[in-house]
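Here is what each chain is made of, one letter per residue.
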Amino acid sequence: MSRADDRPSWDRRDFLRHLSAVTALGASGALAPERWPATPAAGALPAVKLPDVQSAATRVEELTLAEAATLLRQGELSPIDLVEACLARIDAYESRLQAFNHVDPDALRAAARASDGRRGGLHGIPLAIKDNFYTAGVPTTGNSHIYADFVPSWDSEVWRRLRERGALLVGKTQMGPLATSRATTPDGVVTTRNAWTIDDPDVYPGGSSSGSGTAVAAGLALGSTGTQTGGSITNPALAQGLTGLKPTMGRVSLRGIIPLTYTRDHPGPIVHDAMDAAIMLQAMAGPDAGDPRSLGLPRPGDYVTAATPVRRDGETRLRRPMRIGVMPDALDALSKEAEFFATMERLGATIVEIPAPADWDVLTSSEFNNTRLPERSEPFLPELRKDVRQFGIVLSSWINGLLLPGAEYVRGQRARLLLLQRLLDDTFQRCDVVIQSAAIPFDITGLPLIAFPTGFDDQNGASLPRGLLLGAPPCAEEDLLAVVAAWQDVTDWHRRRPDLDAPSGDAKGQLERQLDVLEVEADSQ
Amino acid sequence: MSERRGVTRHPVADIDDEALDGWIRARLQLLGVDLSVLPVDDASAPVDQRRIFESARRFLRGTLPALADFDLDEQQVVPLTVPGSGGWAAFYDPYAPRSGEDA
């Protein structure tokens, strides 16, 4: 079966044909709270059907979201149990991890009590939400002086969808100021730690969704949300042994998220494994009448099914045969990640070396990437005029965005489409998914990208997670999930957890004390 | 016109720091943005004028020539903004989802 035959509902020419200039529309109204209702006139959200995922876990930090949801449905755990377990870990470790900007234990316990007895969906699942998502009645700071006292009166569409399906808000997570860099204070003092090196602030936790990554890696929440404009979902995932999914641009509404770059911001999940990413995306995805970027895409896929491992004759197999492409700048991965490629071939994939599209180095360069900067400056022009000191450590890029003339901005936008055309015409004619060495090309083009763990590297005496990036054509999140789910069905890297009680500097020893590998099996449904 | 396209390197005029800083100041003044509230040069501050101007000069000298060097056929591509297809539909009827679960 050809690639085109596999995806009748989505045509790349349609994707290109509709690249209409809606920036102005999106910028003028989609995110302005006074112009859109707090609760759009949306119907009841459809149920998210979760599989039964059995677990041998004995502690909350060992559970995946899917396992916890199964235990909740079966009545073996209550939302109160989960919440108290998360709060106990926050109480024990948060002062060192600095994953959160805001936690309200009383509100969390009250929400858990209200949720108790309800079954299905995300009821009772404690989530950590990045602090640039509006949460009604809860401070939303973007880690910036600009939003220091901001308490929104309405929910971001993402949090609305998660909350109405029963998720509980553990807290708002630390982030790079206004979604830039790793998490620091607005004035640049490093805050959030990598959970694998809790006492070493020099180890990169991934940014800008640093706190979201750390909260999940450290077992302070069952899942989290991040936003990605330049690697900010996939980087924390790679740094902390997690699975991070940046969906196709528009697949998840951005309404109610503090903007960094209107045409490049992507909300998505940071979680333990492909199934958890699928569950979160299933709840988050879909059109939002209040965000024109989310309209007109094909209907969301069946992500949970895509992330459910397939077994034939007792052996794990890819859901369908797929070609995994490797570009020249990712060829190092072929040797370093030999286990991954050998395993995927055994599971039914074909590994293909493919050339980079023409002008790849130019079109993905930092100079072309800089054409995003005016989009961060424009919405904040009033604050820039009022007092530039409000921007703290990140002011430079907001100033630089004011200095890029319109002609160059338009050229940069045209170059984005050229890059997209070449990826679709060249790269994805030769493969179904492609290994990437960096997130930027897929951030520029709005194509989906997933990060997942593949092992550990020794770095300065510490053993730290490493992983791979895998990209796909528009709206092919199911393919990404299927590949990662198959890989995770035969490996246990995603089940490793940092030992937060290990003596400082003994990160390497943590691996020897790893928890017993959990026997987790997702039932096909 | 399509034959004329490609990457064309051209020499970048040697604009000294003083001239570039004058252009930066003028543009920011036109926009009403005042950098004088920042310390001039204070490494202990989160940000100062020296670092802002250094970053801006580096940005302009790198990004503008790189974009100018890259020729694009006017028939080849249109400006990519948001790769969705519902923008104008939302403009006409913003509360009528076109497809998907909320329809």
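Residues numbered from 1 in each chain as written. Chains lettered and ligands numbered in written order. Predicted model: local features only at pLDDT ≥ 70, side-chain atom pairs only at ≥ 80, totals over all residues.

Draft legend 1. The arrangement of the overall build of chain B in detail. Scanning chain B for helices and strands turns up three helices and zero strands. Ordered by position in the sequence, the α and β elements of chain B form the string α-α-α. Looking at chain B residue by residue over its 103 residues, the buried ones come to 23%. For chain B, contacts bridging at least 24 residues in sequence account for 55% of all contacts bridging at least 6. (Helix = DSSP H or I, 4+ residues; strand = E, 2+ residues; numbered from the N terminus. Buried ≥ 20, exposed ≤ 12 C-beta atoms within 10 Å, placed from the backbone. Contact = placed C-beta atoms within 7 Å.)

Draft legend 2. Representation of the overall build of chain A. If you tally the helices and strands in chain A, you get 22 helices and 15 strands. A total of 525 residues make up chain A; the buried ones form 60% of that total.

Draft legend 3. Molecular detail of the pairing of strand S7 (residues 266–271) of chain A. All names here are of chain A. The element S7 is extensively covered by neighbouring structure, given that six of its six residues are classed as buried. Across five bridges, strand S5 (residues 223–228) lies against S7 in antiparallel orientation. In the sheet register, Ser-224 faces S7, and the bridge partner there is Ile-270. Of the strand pairs in this sheet, strand S6 (residues 243–246) and S7 are connected by two bridges, and their pairing is antiparallel. Counterpart to Thr-243 in the pairing with S7 is Val-271. (Pairing = 2+ DSSP bridges.)

Draft legend 4. Spatial organisation of unusual backbone geometry. Residue and element names in this part refer to chain A. The step from Gly-207 to Ser-208 runs through a cis peptide bond, and the omega angle for that step is 5°. Tracing the chain through its elements places Ser-208 in the loop between strand S4 (168–173) and helix H8 (210–217). Even without being glycine, Asp-313 reaches a positive phi, approximately 55°. Along the chain, the position of Asp-313 falls in the loop between strand S8 (310–312) and strand S9 (315–317). We classify Asp-313 as exposed; it has 5 C-beta atoms within 10 Å.

Draft legend 5. Just the packing of helix H10 (residues 274–284) of chain A against helix H21 (residues 477–489) of chain A, in detail. Residue and element names in this part refer to chain A. Between H10 and H21, whose axes approach to 8 Å, the crossing angle comes to 150°. Considering the angle they form, H10 stands roughly antiparallel to H21. Here Ala-274, Met-275, Ala-277, Ala-278 and Leu-281 of H10 lie close against H21, whose contacting residues are Glu-477, Leu-481, Val-484, Ala-485 and Gln-488. A per-class count over the contact of H10 with H21 returns eight nonpolar, one polar and one charged. (Axes fitted to C-alpha atoms, helices over the stretch in contact; angles between N-to-C directions. Parallel < 35°, antiparallel > 145°, perpendicular 65-115°, else oblique. Nonpolar A, V, L, I, M, F, W, Y, C, P; charged D, E, K, R; others polar.)

Draft legend 6. The pairing of S5 of chain A, seen in detail. Residue and element names in this part refer to chain A. A large share of S5 lies buried, amounting to six of its six residues. Bridging between strand S3 (residues 126–130) and S5 involves two bridges; their strand directions are parallel. Counterpart to Leu-127 in the pairing with S5 is Gly-223.

Draft legend 7. Summary view of the sheet that holds strand S10 (residues 322–326) of chain A. All names here are of chain A. Spatial strand order, S2-S4-S3-S5-S7-S6-S13-S14-S12-S10-S11: eleven strands in an open sheet with mixed pairing. At either margin of the open sheet sits one strand with a lone partner, and together these are strand S2 (100–103) and strand S11 (349–353). Neighbour-to-neighbour, the strand axes of this sheet turn through a mean angle of 30°, independent of strand direction. One ladder, built from three bridges, connects S2 with S4; its direction is antiparallel. Paired with Val-103 across the strands is Gly-171, a residue of S4. Here helix H13 (residues 338–347) sits on the sheet in contact with S10, S11, strand S13 (449–459) and strand S14 (462–471), set at roughly 130° to S11.

Draft legend 8. Here's a closer look at H13 of chain A. Residues and elements named next belong to chain A. Among the residues of H13, Phe-340, Met-344 and Leu-347 are the ones counted as buried. On an axial view of H13, the arc spanned by its buried residues comes to 60°, and they lie on one face. For H13, the exposed residues lying more than 90 degrees away from the buried face are Ala-338, Ala-342 and Glu-345. Where H13 is buried, its residues touch S9, S10, S11, S13, S14 and H21. In the stretch just after H13, Gly-348 is the one whose phi turns positive, near 120°. (Arc of directions from axis to C-beta.)

Draft legend 9. Inspection of the confidence of the model for chain B at higher detail. Residues and elements named next belong to chain B. On average, chain B scores 80 in pLDDT, and the residues at 70 or more come to 67%. The secondary structure element of chain B with the lowest average pLDDT is helix H3 (residues 87–92), at 44, and the one with the highest is helix H1 (residues 17–31), at 97. Considering only residues more than four positions removed or in separate chains, one finds that residues 86–103, a stretch of pLDDT under 50, has 43 contacts. Of the two predicted TM-score estimates for the complex, the pTM is 0.88 and the ipTM is 0.84. (pLDDT = per-residue confidence, 0-100.)

Draft legend 10. Here's a closer look at helix H2 (residues 49–69) of chain B. Helix length check: H2 of chain B, at 21 residues, gives a terminal C-alpha distance of 30 Å against a target of 30 Å (1.5 Å per residue), a fit within 8%. Of the residues making up H2 of chain B, those classed as buried are Ile-52, Ala-56, Phe-59, Thr-63, Ala-66 and Leu-67 of chain B. Buried residues along H2 of chain B sit against helix H15 (366–369), helix H18 (395–402) and helix H19 (406–430) of chain A together with H1 of chain B. (Expected span 1.5 Å × (residues − 1).)

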